[in-house]
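# Examining the three-dimensional arrangement
Okay, here's what each chain looks like letter by letter:
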Amino acid sequence: QTASLGMPETSLAIIPGAGGTQRLPRLIGVSRAKELIWTGRRLSGEEAFSCGLVDRVVETGRAAEEAMSLAWKIAGNGPIAIRASKEAIDQGLTTTTMEEALEIERQCYGLTLA
């Protein structure tokens, strides 16, 4: 609840590195990304949640507990299915067409039936 996120690099006369100028627009849209990068404004945890930068906001001091709870929920599912769905999502996002992405998904689905 007390965390904040931002891209303050332009206030230091540099641009965000490590893919910040490429990832942020894809996550929150070009207009909002430009505003945040160009102004160096920081987002509150609630703002980051509302624009899709974070998946959840938790009480101060409970992040590790919440992360472990989520990890245990995931770990309780089929490991092959988790691995295959991860590959389908990650590889599907690298394609240029939905048809290619769906083919990757079909292949990954097949792995879960083998």
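Residues numbered from 1 in each chain as written. Predicted model: local features only at pLDDT ≥ 70, side-chain atom pairs only at ≥ 80, totals over all residues. Heavy atoms only, no water.

## Points about the overall build of the protein chain
Quick note on the threshold: Helical segments are the DSSP runs of H or I of at least four residues, strand segments are the runs of E of at least two, and each set is numbered from the N terminus. Each radius of gyration reported is based on C-alpha atoms, and the globular scaling rule is 2.2 Å times the count of residues to the power 0.38. Burial status follows relative accessibility: with a 1.4 Å probe on protein chains alone, a residue under 20% of its type maximum counts as buried, one over 50% as exposed, and anything between as partly exposed. Only heavy atoms matter for contacts: two residues are in contact if any of them lie within 4.5 Å across the pair. His is not counted, nor are the chain ends, whereas Lys and Arg count as positive and Asp and Glu as negative. All charge positions are set by atom: Lys at NZ, Arg at CZ, Asp at CG, Glu at CD.
Counting its secondary structure elements, the protein chain contains six helices and two strands. A globule of 114 residues ought to have a C-alpha radius of gyration of about 13 Å, yet the protein chain, at 18 Å, is considerably larger. Going through the 114 residues of the protein chain one by one, you find that 18% of them count as buried. A separation threshold of at least 6 residues defines the contact pool for the protein chain, and within that pool the share at least 24 residues apart is 44%. Each charge class in the protein chain can be summarised by its mean position, and for the 12 positive and 14 negative side chains these summaries are 3 Å apart.

## Digging into the pattern of salt bridges
Think of it this way: side chains of opposite charge can pair up when their charged atoms draw near. Heads up, the condition is: By definition here, a salt bridge exists when the distance from a side-chain nitrogen of Lys or Arg to a carboxyl oxygen of Asp or Glu is within 4 Å.
The full count for this structure, using the stated rule, is six salt bridges. Linked by salt bridges that have partners in common, Glu35, Arg41 and Glu47 make up one network.

## A closer look at the nonpolar core
Convention followed: What makes a nonpolar core is a set of buried Ala, Val, Leu, Ile, Met, Phe, Trp, Tyr and Cys residues whose side-chain atoms join them at distances within 4.5 Å.
Among the nonpolar cores identified, the biggest contains eight residues, and these are Met7, Leu24, Ile28, Ala33, Leu36, Ile37, Leu43 and Cys51. Going through the elements one at a time, helix 1 (20–28) and helix 2 (30–39) are the ones with two or more residues in this core. Sorting elements by how many residues they give to this core places helix 2 first, with three residues. For methionine 7, the contacting residues outside a window of four places in its chain are Pro16, Gly20, Leu24, Leu36, Ile37, Gly40 and Arg41.

## What about the environment of arginine 23?
Basically, it comes down to this: Each polar contact in these results corresponds to two N or O atoms within 3.5 Å; when the atoms are within protein, one needs to be able to donate a hydrogen and the other to accept it, and residues that are neighboring in sequence are counted only if both atoms are side-chain atoms.
Assignment of secondary structure puts arginine 23 in helix 1. As a C-alpha pair, arginine 23 and glutamine 91 span 68 residues in sequence and 16 Å in three-dimensional space. In this structure the side chain of arginine 23 is engaged in a polar contact, spanning 2.3 Å, whose partner is the backbone oxygen of alanine 18.

## Topic: unusual backbone geometry
Of note, the phi angle at alanine 13 is positive, near 70°, even though the residue is not glycine. Alanine 13 sits in the exposed class, given a relative accessible area of 70%. Even without a glycine there, the phi angle at alanine 18 is positive, about 55°.

## Considering a nonpolar patch on the surface
Stated formally: A residue counts toward a patch only above 30% relative accessible area and without a salt bridge, and it is joined to like-charged neighbours within 9 Å or, for Val, Leu, Ile, Met, Phe, Trp and Tyr, to nonpolar neighbours within 5 Å. Residue exposure ignores everything except the shown protein chains as possible cover, and the areas themselves are Shrake-Rupley values with a 1.4 Å probe.
On the surface, Leu70, Ile74 and Ile82 cluster together into a nonpolar patch covering about 210 Å² of accessible area. As for its placement among the helices and strands, leucine 70 is situated in helix 4 (residues 63–75). Looking at leucine 70, the relative accessible area reads 36%, which means it is partly exposed.

In short, the description is geometric, and any link to function would need to be established separately.
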